[in-house]
Amino acid sequence: MPPWLRTPLGEYLIAWEQARLDAMIADIFGYNALQVGLEEVDLLRASRMPLRVARAARNGVSRASSCVVCDEAALPFASASLDLVVLAHELEFSATPHQLLREAARVLVAEGSVVVCGFNPYSLWGIRRLARGQWPWRGRYLSAPKVRDWLTVLGFEVQSCQFGCYAPAVESPEWLRRWKWLDRVGRRCWPICGAVWVLHGIKRVHGARLIQPNWREKRAPAKGLSAVARKLGESGGLSGETGPGET
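What counts, and at which threshold
Residues numbered from 1 in each chain as written. Predicted model: local features only at pLDDT ≥ 70, side-chain atom pairs only at ≥ 80, totals over all residues. Heavy atoms only, no water. Helix = DSSP H or I, 4+ residues; strand = E, 2+ residues; numbered from the N terminus. Buried < 20%, exposed > 50% of the residue type's maximum accessible area, 1.4 Å probe, protein only. Contact = heavy atoms within 4.5 Å. Areas by Shrake-Rupley, 256 points an atom, 1.4 Å probe, with all protein chains shown as cover. Core = buried A, V, L, I, M, F, W, Y, C linked by side-chain atoms within 4.5 Å. Phe/Tyr/Trp six-rings, centres within 6.5 Å; stacked < 30°, edge-to-face > 60°. Lys NZ or Arg CZ within 6 Å of the ring centre and 35° of its normal. Lys, Arg positive; Asp, Glu negative; His and termini not counted. Salt bridge = Lys/Arg side-chain N within 4 Å of Asp/Glu carboxyl O. Polar contact = N/O pair within 3.5 Å; in protein donor to acceptor, adjacent residues only side chain to side chain. Pairing = 2+ DSSP bridges. Right-handed = clockwise from strand over helix to strand, strands pointing away. Patch = residues over 30% accessible without salt bridge, like charges linked within 9 Å, V, L, I, M, F, W, Y side chains within 5 Å.

Caption draft 1: Structural context of the overall build of the protein. For the protein, the helix and strand inventory stands at seven helices and seven strands. Written out in order from the N terminus, the α and β elements of the protein read α-β-β-β-β-α-β-α-α-β-α-α-β-α. Across the 247 residues in the protein, those meeting the buried criterion constitute 45%. Sequence separation of at least 24 residues holds for 66% of the intrachain contacts in the protein that already meet a minimum separation of 6. On the protein, roughly 14,300 Å² of surface is accessible, and the fraction owed to carbon and sulfur atoms is 55%.

Caption draft 2: Representation of helix 2 (residues 97-107). For helix 2, the set of buried residues is Pro97, Leu100, Leu101, Glu103, Ala104, Ala105 and Val107. Here the buried face of helix 2 lies against strand 4 (82-88), strand 5 (108-119), helix 4 (144-153), strand 6 (156-164) and strand 7 (196-203).

Caption draft 3: Quick look at unusual backbone geometry. The residue Leu38 is not glycine, and still its phi comes out positive at about 50°. With respect to the helices and strands, Leu38 occurs in the loop between strand 1 (32-36) and strand 2 (51-56). Here Leu38 falls in the buried class, since its relative accessible area comes to 7%. With a phi angle near 55°, His89 is a residue other than glycine that sits in the positive phi range. Mapping His89 onto the fold places it in the loop between strand 4 and helix 2.

Caption draft 4: Structural view of the environment of Ala78. Mapped onto the elements of the fold, Ala78 is located in the loop between strand 3 (66-69) and strand 4. C-alpha of Ala78 to C-alpha of Val107: the two residues are 29 residues apart in sequence and 6.1 Å apart in space. Excluding residues that lie within four positions of it along the chain, Ala78 makes contacts with Arg106 and Val107.

Caption draft 5: Quick peek at the environment of Val41. When you line up the elements, Val41 lands in the loop between strand 1 and strand 2. Each C-alpha atom of the pair Val41 and Gln18 lies 8.9 Å from the other, and the pair is 23 residues apart in sequence.

Caption draft 6: Just the nonpolar core, in detail. If you look at the biggest cluster of nonpolar residues, it comprises 34 residues, and the most contacted ones within it are Trp4, Leu9, Leu84, Val115 and Trp125. When contributions to this core are tallied by element, the ones reaching two or more residues are helix 1 (8-25), strand 4, strand 5 and strand 7. Listed in part, the 30 residues of the second largest apolar core include Val85, Leu108, Phe156 and Leu199.

Caption draft 7: Spatial organisation of the packing of aromatic side chains. What the rule picks out here adds up to 10 aromatic pairs. Considering the side-chain rings of Phe119 and Trp135, the 6.1 Å spacing of their centres and the 75° angle between planes classify their relative orientation as edge-to-face. Linking Phe119 in strand 5 with Trp135 in the loop between helix 3 (124-129) and helix 4, this pair joins segments that are 16 residues apart in sequence. Per residue, the accessibility class of Phe119 equals that of Trp135, and both read buried. Within the aromatic cluster, the residues linked to one another by ring pairs are Trp4, Tyr12, Phe93, Phe119, Trp125, Trp135, Trp137 and Tyr141. The ring of Tyr141 has Arg129 sitting right over it, with the charged end atom 4.8 Å from the ring centre.

Caption draft 8: Focus on the side chain of Asp83. Along the chain, the position of Asp83 falls in strand 4. For the buried Asp83, no salt bridge is present, and the opposite-charge side chain at shortest range is Lys203, 11 Å distant. Within the structure, the side chain of Asp83 is placed 2.8 Å from the backbone nitrogen of Tyr31, a separation counted as a polar contact. Apart from the residues lying within four places of it in its own chain, the contact partners of Asp83 are Phe29, Gly30, Tyr31, Asn32, Met49, Leu108, Val109, Gly112 and Ser113.

Caption draft 9: Layout of the pairing of strand 5. Most of strand 5 sits out of view: 10 of its 12 residues are buried. Taken together, the six bridges between strand 4 and strand 5 define a ladder with parallel strand orientation. Bridge pairing links Val85 to Val114 in strand 5. Chirality of the crossover, the property in question, places the unit of strand 4, helix 2 and strand 5 among those that are right-handed. The sheet contact formed by strand 5 and strand 7 spans seven bridges and is antiparallel. Residue Gly118 lies in a different strand from strand 7, and its bridge partner there is Trp197.

Caption draft 10: Representation of a nonpolar patch on the surface within the structure. Taken together, the side chains of Leu124, Ile127 and Leu130 define a hydrophobic patch exposed on the protein surface, amounting to about 320 Å² of accessible area. Structurally, Leu130 is set in the loop between helix 3 and helix 4.

Encoded structure:
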């Protein structure tokens, strides 16, 4: 885990993201889930999927039930084999963010979910990034609208996007507590300026349609006699009686 995550500011970030992810993925059903990024934090803890895997960096440690060491841009999973992929602050620190999103789209099944966590460049933390420093200030922050556009190109439909952590990037626990009131005000006054965002998208496959029975379809009319048969019946031709002069 990056040492910064053990600071009061890092714990403030993880607490907010964990709460959002717990509420978001608890109702995402399936069998297989993958976490890429922040593998030391069990971001999949609220998922009810039987297999939860974390992608670990080489010699890394994961708190998930299973982990796999691999290149983030070449996930060792078959196409259309996962139901949920969580990308936790990987895009802004990846050398190939587009390839990472393409890999997520490849391994997801139709109607599978991707959840992306990112730092917002248009925030107080984005201003702090200009001074550089260690993780997370050395990343290339991506805005939520930009990532939304990338996902749309890959065939995803964005369901929701939430912003949080409106306090400035202060390291002192006392000053962080003093600035906590901005969380309440920021959600109401400048909601898109939170330091972090969490985005949920669903993979749509065009041309695929679930065929269901048409319960509203009217019943077929009962079979009836043709017009010629009805005429013969009315004239007695089908009654079995013999006409006058017939034996």
